[in-house]
Amino acid sequence: MSLINTSVQPFKATAFQAGEFIDVSEDTFKGQWSAIVFYPADFTFVCPTELEDLADLYDQFKAIGVEIYGVSCDTHFAHKAWHDTSEAIGKVKYPLIGDPTGQLARAFQVMIEEEGIALRGTFLINPEGEIKLCEIHDNGIGRNAEELLRKVKAAQYVAAHPGEVCPAKWKEGEKTLTPSLDLVGKI
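Residues numbered from 1 in each chain as written. Predicted model: local features only at pLDDT ≥ 70, side-chain atom pairs only at ≥ 80, totals over all residues. Heavy atoms only, no water.

## A short note on the overall build of the protein chain
Part 1 of the reasoning: Counting its regular elements, the protein chain contains 5 helices and 9 strands.
Part 2 of the reasoning: Overall, the protein chain shows an N-to-C arrangement of helices and strands of β-β-β-α-β-α-α-β-α-β-β-β-β-α.
Part 3 of the reasoning: At 17 Å, the protein chain has a C-alpha radius of gyration in line with the 16 Å of a compact globule built from 187 residues.
Part 4 of the reasoning: Its C-alpha atoms give the protein chain principal-axis dimensions of about 55 × 35 × 30 Å.
Part 5 of the reasoning: Long-range contacts, defined here as pairs at least 24 residues apart, represent 65% of the contacts in the protein chain between residues at least 6 apart.
Part 6 of the reasoning: Working note: accessible area of the protein chain is about 9700 Å², and carbon and sulfur atoms make up 54% of it. (Helix = DSSP H or I, 4+ residues; strand = E, 2+ residues; numbered from the N terminus. Rg over C-alpha atoms; globule rule 2.2 N^0.38 Å. Contact = heavy atoms within 4.5 Å. Areas by Shrake-Rupley, 256 points an atom, 1.4 Å probe, with all protein chains shown as cover.)

## Considering the environment of valine 66
Part 1 of the reasoning: Residue position: valine 66 is located in strand 4 (residues 66-72).
Part 2 of the reasoning: Sequence separation between valine 66 and glutamate 26 is 40 residues, and the spatial gap between their C-alpha atoms is 15 Å.
Part 3 of the reasoning: Contact partners of valine 66, with chain neighbours within four places excluded, come to Trp33, Ser34, Ala35, Phe61, Val152 and Gln156.

## Comments concerning unusual backbone geometry
Part 1 of the reasoning: Of note in the backbone geometry, asparagine 5 takes a positive phi value of approximately 70° without being a glycine.
Part 2 of the reasoning: Relative to the helices and strands, asparagine 5 is located in the segment before strand 1 (12-17).
Part 3 of the reasoning: Even without being glycine, lysine 169 reaches a positive phi, approximately 65°.
Part 4 of the reasoning: For lysine 169, the position within the fold is in the segment after helix 5 (145-160).
Part 5 of the reasoning: Accessibility expressed as a relative area gives 71% for lysine 169, which makes it exposed. (Buried < 20%, exposed > 50% of the residue type's maximum accessible area, 1.4 Å probe, protein only.)

## Some thoughts on helix 2 (residues 76-85)
Think of an α-helix as 3.6 residues a turn; residues three or four steps apart then line up on the same face.
Part 1 of the reasoning: Along helix 2, the residues that are buried comprise His76, Ala78, His79, Trp82 and His83. All buried residues of helix 2 project into a common sector of 155° when viewed along the axis, lining one side. Along helix 2, the residues that are exposed and aim more than 90 degrees away from the buried face are Phe77 and Thr85.
Part 2 of the reasoning: If you follow the buried residues of helix 2, they end up packed against strand 1, strand 2 (20-25), helix 1 (46-63), strand 4, helix 3 (87-90) and strand 5 (96-98). (Arc of directions from axis to C-beta.)

## Side note on the sheet that holds strand 3 (residues 33-38)
Part 1 of the reasoning: Reading across from one edge, 2-1-5-4-3-8-9 is the order of the 7 strands in this open sheet, with mixed pairing throughout. Two strands in the sheet have a free side with no partner beyond their single neighbour: strand 2 and strand 9 (131-137). On average, each strand axis in the sheet is tilted by 25° relative to the strand beside it, whichever way the strands run.
Part 2 of the reasoning: In the sheet, strand 3 pairs with strand 4 via 6 bridges, with the strands oriented parallel. Bridge pairing in strand 4 places alanine 35 opposite isoleucine 68.
Part 3 of the reasoning: Strands strand 1, strand 3, strand 4, strand 5 and strand 8 (120-125) of the sheet are contacted by helix 1, whose axis makes an angle of about 165° with strand 4.
Part 4 of the reasoning: Sheet strands touched by helix 5: strand 3, strand 4, strand 8 and strand 9. Its angle to strand 3, the strand with the most contacts, is close to 145°. (Pairing = 2+ DSSP bridges. Axes fitted to C-alpha atoms, helices over the stretch in contact; angles between N-to-C directions.)

## Observations concerning the nonpolar core
Part 1 of the reasoning: Within the largest apolar cluster, 24 residues are counted, with the highest numbers of intra-cluster contacts made by Leu51, Leu54, Phe61 and Tyr94.
Part 2 of the reasoning: Counting only elements with at least two residues in this core, the list comes to strand 3, helix 1, strand 4 and helix 5.
Part 3 of the reasoning: Ranked by residues supplied to this core, first place goes to helix 1 with 7 residues.
Part 4 of the reasoning: Dropping the residues within four chain positions of it, leucine 54 is found in contact with Val37, Phe61, Ile68, Tyr94, Ala145 and Leu148.
Part 5 of the reasoning: If you look at the next biggest cluster of nonpolar residues, it comprises 23 residues, including Ala15, Val71, Leu104 and Val110. (Core = buried A, V, L, I, M, F, W, Y, C linked by side-chain atoms within 4.5 Å.)

Next comes the structure, spelled out in structure tokens:
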């Protein structure tokens, strides 16, 4: 079953952000666009490159009303220790959610049970709390924050312009499509 257009399941967790521990729940994601980025584990190899890439574009995400949330099956204490000891993770200003029980990883269908870690899963949640983007892939493949930013802008455009859709490689300001019988077989 696809998670697209479903609501985030109820949860309670603790995140590390800006030198503090904060409480988060499904309600935290409502009222704004939220990008949830699952990664396998703190103190690893590909993960810090992805989180740093997101940190480098964080101001651009915030400028369009999007909060980023990093999530792994580590504790919020481990997130703090990683933030305090890694130059790359030290750049992260967005919340890093601890999911030591795997509740969130299971709810978002990214848990690798036999390893106790999450797959690389990216989810975009609209202000109503519905999942609009879901991308899950092998842990050896790092993600690109610029591509996520492009997809967020496309999702926001489609939400603000009912009846229009964004074609492949669409970028902000480019032409969209209005599906109709007249377009069938002409693209």
